[in-house]
Every structure is written in structure tokens, then in C-alpha cells.
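Reading the structure
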Amino acid sequence: MRSTSINHEREFTRFVKETEPRLSYALAAAYGIEIGAEATADALAWAWEHWSKVQEMNNPAGYLYRVGQSKARRHFRPAVLFPVVPSFEAPMVSPDLHTALAGLSKNQRVAAVLIHGLEYTEREVADLLGISRWSVRTHAERGLTKLKNELEVAIDV
Amino acid sequence: MSEIETQLREYFDAAVERVTAEDVLVGHQMLESMTPQEQHWTWRPAWAAAAGFVATLAVLGGSLGIGIVAHRPATDTGTGRITEVLGEANEAASGWWLFMVAIGVVVAVVGALIARNQQHNSQRENAMATTIKTPPSTRLEAAERNNRGLVMTVVGLAIALVALGAWALFDQAAEPETAAPQAVQELIDDYEAVWNNYDGDAFSAVTTEDYTHTNGDFTSDRDTMASTIASMAPSSNFQVERIGDLVVTGEGPYYVAGANRLHDSQGIEDGISAFVIVETDDGLKVAEHLFVGQ
């Protein structure tokens, strides 16, 4: 009994290490930094409470993304989705990036951040969002182009 | 400035709060270790229920009170049928109060359930929050966290309550209970004209076959009254004058009350008339007339 519980915890820990980064960044990109963190914590708590069910899923990350979406919808959209990060913590970030991010659609932000910022594959993002790879690619490219236009960064793709 | 991809990575690495498996497991253990009393017992649902009940009665009761005061009948005296008429109005008000209490109970139950659910969620989230590192205050601007579902529910209930109160006021203002329907008004006009013209034949046209007229201890049928009216000598100078507006309630039969001043060669007498008006094949007719004089 005890060893089963420990095994479950190990499996869950492994699962979180693998899934949490994609989930955290995706929900933060979709709903803003603060609500994204709350939604991620809620989604992973839900995963642990329903661990036996989650283990049998084909696409647990995608399912938890939708759980996180449901949790995020319980919150009011804050006035500032993406707060300014102090320059000493992120010296290479443009001071206008947070404003430019807020101007993208939700899927454009998620796709652009995960694919161009964090180098996830289109397949991984498509599984997470539950949309086709073609749609992911379109969202990512449009999002990136908008960001570059907003920040007036030379397009060298 | 560096490439946009680099900026995105650096921004999200710096800003996003990460959640570890340990956070989740410790939070879950803390929630499980709370006693049932700690998890569930709180005065908050009771306060929410009481507040919901009181607020509902205040809004709806206020609306009803305003309506009653605004449309209070001008005449409030008499006995017999008039007492019945006023009694029906009181019964209608009692029905409203029961309705409001029922609505209040529903609101109270919903409020208690919402508060209990919110309390449970709050305890759960607190357990989780203690395990997640709080970001430096300089990193994230504070954004107040709210439960959108709860607020939407409360706003919806408030809108429903205000709409119900507005409807009650509008309904009473648009169609006051004391306003005489046009057909009833015309029938009473004709009935009084019969008396003023001493027209026994016309009297039969505005009354039912089982019509009764009661004045003090005397009750007469239609034929008797028709004969009495026809036999009145114009020299008696008998005239019926209405004082003020009629008060009408009911939806067929109608119960009508009004004040009268009777003139004749011997002087003036004021009194209250109460009528029962019924629908017949030939239209509305007076079925009963009770007169209570000074």
C-alpha cells in the first residue's frame, strides 16, 4: 500500500517534470502571467486527484490544458496580462514586449511563445491546444510577425 | 535589441511562476490533513443566507409597500360586502408576502451554497498557495483575484430581484386594483341613472333576475325594487349622487364599492354602496346592492 503510493508519487513527479513547463508557459501565454500560474497549479492538483485516470489518457497534457482553461475562466481578466519585468532580471527584453504580447490573439501568443520562444515542436503545441499543426504554424507565424512589427525588429526569417 | 525569440524566452523564463510536483503533493496533503470541521464549518454560508433573505424581503417588500401606499383605496368604511372586498385585497397582499418569503428562501439557499463552495475553494487554494513560492513584489504587479462565477451569480440574482421589484411596481402603476374597468363603471352609471329617472323598466335591464337590494334590515327583490322606483314621484326630488371614485376588485364577479349622497325633499343622507356585478348572457348586471346609510 505504502509502496504503491510512493510509486504513484514518483510517476506523478516524472509526469510533472515533463508536462509542467509546456503547461505553465502555454497557460501563462494564453491568460496572462498570474492567472496562468493559478490555472497551472489547479490543473496539476486536479491531475494528482485523478491520477489513475490521467495515467490512462493518450494526451494528458492537452487534457490538463483544457482543465487549466476551465480554471482560468473562473477569474476576471486582470488589467495587465503581462507585467513589466525589471531589466535586471531580463536585460534583453524590450520594454514594449508586454504591450505587444497583449495585442495578439490567445492562440497566436501560445503558438508564438512555445514554438519561437521555447522551441517546442508544432506537434507538441498542436496536441496541447487540440488544433491541427497547420493551424499552429499559422498562429505562430502571424504572432511572430505582429510582434516584430510592434517592436520594429527586422524580419530576418 | 536582441531577436524576438530570445526576448520571448527571457521574458517568460523571468515572469512565469513554475509549479513543481512537490508543490502539488504538499498542497494536497495539507488539504487532506485539515479536519472536516476546518474544511466545512464556517459562519460564512449562514451569513450569506441571512443576507440574501433579508435583502430579498427588503427589495420586494419595499416594492409592495410602495404599491400599497400609492394605491390605498380612498374609502375605508362600511360593513358586509365592503368588508369582503377589503378582505380580498388583504388576501392578495398576503399572497405577495408568501411569494416574497418563498423567493427569499430560494435566494438564501443559493447564497449559502455559493458561500460554502467559495469557502471550500478558498481553503483548497490557500493550501496550494502556501507551497508555491511567492514571486518578488517587484516582478509582478498585484492583480486582485476574484471568482467570476460567484460575482456573475450575485449580479444575476440582483438583476432578477430588481427586475421583479420593477415589474411589481409597474404592474401596480399601470393597472391599479382600485381602477374601475370601463364596463363596470358604465353599468354603475346606468344603474344610478335608473334611480334618478325613476325608470322601473330600465331597472330590470341593468339587474339580474335574482337581484337583491339591502338597506339596513330590509332586503327586496328585483320586482319589488322596480315597482318602488317606478312609483317614486318626481316631486320627491330623489337623486343619487356619487361621491369620489368607485373601488373595484375581482375579475368577474366584480365587487364594487362607492360613496353616495342621497337627496330628497326631506334632506340629505350619505352612505356607502357595495355592489356585486356578474357577467350574464346580456352583459354585466348588478346582482346585489347593499346600502349602508348614516
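What you see is a predicted model, and the numbers here were worked out from it, not measured in a lab.

Parameters at a glance
Residues numbered from 1 in each chain as written. Chains lettered and ligands numbered in written order. Predicted model: local features only at pLDDT ≥ 70, side-chain atom pairs only at ≥ 80, totals over all residues. Heavy atoms only, no water. Helix = DSSP H or I, 4+ residues; strand = E, 2+ residues; numbered from the N terminus. Buried < 20%, exposed > 50% of the residue type's maximum accessible area, 1.4 Å probe, protein only. Areas by Shrake-Rupley, 256 points an atom, 1.4 Å probe, with all protein chains shown as cover. Core = buried A, V, L, I, M, F, W, Y, C linked by side-chain atoms within 4.5 Å. Contact = heavy atoms within 4.5 Å. Salt bridge = Lys/Arg side-chain N within 4 Å of Asp/Glu carboxyl O. Expected span 1.5 Å × (residues − 1). Phe/Tyr/Trp six-rings, centres within 6.5 Å; stacked < 30°, edge-to-face > 60°. Axes fitted to C-alpha atoms, helices over the stretch in contact; angles between N-to-C directions. Parallel < 35°, antiparallel > 145°, perpendicular 65-115°, else oblique. Left-handed = near helix turned anticlockwise from the far one by under 90°. Pairing = 2+ DSSP bridges.

Moving on: the overall build of chain B. Per the secondary structure count, chain B includes 9 helices and 6 strands. A burial count over chain B gives 38% of its 294 residues as buried. Accessible surface, chain B as shown: approximately 16,400 Å² in total, 57% of it carbon and sulfur.

Here the focus is unusual backbone geometry. Look at A:E119: it is not a glycine, yet its phi comes out positive at around 60°. With respect to the element layout, A:E119 can be found in the loop between α6 (106-117) and α7 (122-129). Backbone geometry places B:Y198, a non-glycine residue, at a positive phi of 55°. By the element assignment, B:Y198 lies in the loop between α7 (182-197) and α8 (200-205).

Here we take up the nonpolar core. If you look at the biggest cluster of nonpolar residues, it comprises 65 residues, and the most contacted ones within it are A:F12, A:Y65, A:L97, A:L101, A:L114, B:Y11 and B:F12. In terms of residues, this core owes the most to one element, helix α1 (residues 2-31) of chain A, which gives 11 residues. Apart from the residues within four sequence positions on either side, A:L101 is in contact with A:F82, A:R109, A:V113, A:L147, B:L8, B:Y11 and B:F12. One finds B:I229, B:F238, B:L246 and B:V248 within the second-largest nonpolar core, a separate group that totals 26 residues.

Here we come to the pattern of salt bridges. Any two side chains of opposite charge can pair, on the condition that their charged atoms come close. For the structure on display, the rule yields 7 salt bridges over all chains. Between B:R18 and A:E20 there is a salt bridge, and its shortest N-O distance comes to 2.8 Å. Highlighted residues: B:R18 in the loop between α1 (4-15) and α2 (21-33) and A:E20 in helix α1, drawn from two different chains. A salt bridge links B:D270 to B:R261, with the nearest nitrogen and oxygen atoms 2.7 Å apart. Judged by its relative accessible area of 23%, B:D270 falls in the partly exposed class. In this structure B:R261 comes out as partly exposed when scored by relative accessible area, which is 30%. Each of B:D189, B:E192 and B:R242 takes part in one network of salt bridges that share partners.

Residues and elements named next belong to chain A. With 12 residues, α6 should cover 16 Å at 1.5 Å per step; its first-to-last C-alpha distance of 15 Å lies within 8% of that length. Counting buried positions over the 12 residues of α6 gives 10, a clear majority of the element. What α6 keeps buried is the set Q108, R109, V110, A111, A112, V113, L114, I115, H116 and G117.

Okay, the environment of B:N196 next. Residue and element names in this part refer to chain B. By the secondary structure assignment, N196 is in helix α7. Each C-alpha atom, one on N196 and one on E241, is 9.0 Å from the other, the two residues being 45 residues apart in sequence. Filtering out sequence-adjacent residues up to four positions away, N196 remains in contact with F238, Q239 and V240.

Attention shifts here to the packing of aromatic side chains. All names here are of chain B. Counted by the stated rule, this structure contains 14 aromatic pairs over all chains. When the centroid spacing of 5.1 Å and the interplanar angle of 85° are considered together, the rings of F203 and Y211 count as edge-to-face. The burial state of F203 is the same as that of Y211; both residues are buried. Put simply, the rings of Y191, W195, F203, Y211, F238 and F275 touch in pairs and so form one group of aromatic residues.

Residue and element names in this part refer to chain A. Contact pair helix α2 (residues 33-49) / helix α4 (residues 60-72): the axes reach a minimum separation of 8 Å and the direction vectors enclose 125°. Judged by the angle between their axes, α2 and α4 are oblique. By crossing handedness, the relation of α2 to α4 is classed as right-handed. Residue-level inspection shows I35, A39, D42, A43, L44, W46 and A47 of α2 in contact with α4, the latter providing Y63, L64, V67, G68, K71 and A72.

Take the pairing of strand β4 (residues 254-264) of chain B next. Consecutive side chains of a regular strand alternate in pointing toward one face of the sheet and then the other. All names here are of chain B. Most of β4 sits out of view: 8 of its 11 residues are buried. Here 8 bridges tie strand β3 (residues 239-249) to β4, and the two strands are oriented antiparallel to one another. Looking across to β4, one finds that V240 is bridged to L262. The antiparallel hairpin formed by β3 and β4 contains 4 residues in its connecting segment, where G250 sits at a positive phi of about 90°. In this structure, β4 lies alongside strand β5 (residues 267-280), joined through 11 bridges in antiparallel fashion. The partner of V256 across the bridge, within β5, is F275.

Mapped onto the secondary structure, A:A111 falls in helix α6. Leaving out residues up to four positions away in the same chain, A:A111 has contacts with A:H116, A:V125, A:V136, A:H139 and A:A140.

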